[in-house]
Every structure is written in structure tokens, then in C-alpha cells.
Amino acid sequence: SGTDGCGTKVKLAFVMDKKTQVGELCEAIKKTSKDIISKVEVFDLYESAQLGNNKSVAISISFESDDNLTDEIINAKVKKILEVAESKFNATLRN
């Protein structure tokens, strides 16, 4: 990649209703910071008896910017993502 910018990846694992469309969640995540989120990918998805009517979805979010992406900036963006995931999709972080 020939970019001078800086990039970082954040991985989040959510628990949500089986009926929730993961694609819609990924779209919503991207929309929270279109300017610096370059990619949102699902890298793990599973359902189990323990989860009942829920599924666990692990998502990798790539942030890229020409500016320096400090931890502070990333943490603020992740906080926003978590708020959207919870309010729109009732998806919570897996512990």
C-alpha cells in the first residue's frame, strides 16, 4: 500500500439476535465514521446452545487516515460504534 497515512485495526465481538442482519450492522458501523473506516469485515460468526436465540459475531474494523490516529480518536470512534450497535441492533459486546 502506498499510503503515507496511518492505519489501525480494531476487533469487536458482538452478541445479537440471530435474526439481526450482520450486513446491516457492518453498514451502520461504517457510517459512524465514513471518513476513516476503510473496511468492516466479519471474521467469525457462531451460534451455540449457550447463546440461545443469539449469535456471536466478531467484526474487524479498519481505520485509515492521513492524520495521526491516536488511541483517543480510535477509542471515541469505537465508543460511537458500540452506541449505534446497541441502540439500533441491540447488539452488545461479548465479554
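For the structure given in this document, a descriptive report is provided here.

Rules of the game
- Residues numbered from 1 in each chain as written.
- Predicted model: local features only at pLDDT ≥ 70, side-chain atom pairs only at ≥ 80, totals over all residues.
- Heavy atoms only, no water.
- Core = buried A, V, L, I, M, F, W, Y, C linked by side-chain atoms within 4.5 Å.
- Buried < 20%, exposed > 50% of the residue type's maximum accessible area, 1.4 Å probe, protein only.
- Helix = DSSP H or I, 4+ residues; strand = E, 2+ residues; numbered from the N terminus.
- Contact = heavy atoms within 4.5 Å.
- Polar contact = N/O pair within 3.5 Å; in protein donor to acceptor, adjacent residues only side chain to side chain.
- Phe/Tyr/Trp six-rings, centres within 6.5 Å; stacked < 30°, edge-to-face > 60°.
- Lys NZ or Arg CZ within 6 Å of the ring centre and 35° of its normal.
- Expected span 1.5 Å × (residues − 1).
- Arc of directions from axis to C-beta.

1. Considerations on the nonpolar core
Then comes step 1: If you look at the biggest cluster of nonpolar residues, it comprises 24 residues, and the most contacted ones within it are Phe 14, Leu 25, Ile 29, Ile 59, Ile 61, Phe 63 and Ile 81.
Then comes step 2: Of all elements in the fold, only strand 1 (6-17), helix 1 (22-32), strand 2 (37-46), strand 3 (54-65) and helix 2 (71-89) reach the threshold of two or more residues within this core.
Then comes step 3: At 6 residues, helix 2 tops the list of elements feeding residues into this core.
Then comes step 4: Those residues in contact with Ile 59 that sit more than four places away from it in its chain are Val 10, Lys 11, Leu 12, Phe 14, Leu 25, Cys 26, Ile 29, Val 40, Glu 41, Val 42 and Phe 43.

2. What about the side chain of Ser 56?
Then comes step 1: In this structure, Ser 56 sits in strand 3.
Then comes step 2: Ser 56 gets classed as buried once you look at its relative accessible area, which sits at 1%.
Then comes step 3: Among the polar contacts listed, one links the side chain of Ser 56 to the side chain of Arg 94, at a separation of 2.3 Å.
Then comes step 4: Look past the residues within four positions of Ser 56 in its chain and what remains in contact with it is Phe 14, Asp 44, Leu 45, Tyr 46, Leu 51 and Arg 94.

3. Focus on the packing of aromatic side chains
Then comes step 1: Within the structure shown, the criterion is met by 0 aromatic pairs.
Then comes step 2: The residue whose ring lies beneath Lys 11 is Phe 43, and the NZ or CZ to ring-centre distance is 5.0 Å.

4. Details of helix 2
Residues spaced three or four apart along an α-helix face the same direction, because each turn holds 3.6 residues.
Then comes step 1: Taking 1.5 Å per residue, 19 residues should reach 27 Å; helix 2 reaches 26 Å between its end C-alpha atoms and fits that length.
Then comes step 2: Those residues of helix 2 not exposed but buried are Ile 74, Val 78, Ile 81, Val 84, Ala 85 and Phe 89. Here the buried residues of helix 2 occupy an arc of 120° about the axis, which is enough to place them on one side. Opposite its buried face, helix 2 presents the exposed residues Glu 72, Lys 79 and Ser 87, each directed more than 90 degrees away.

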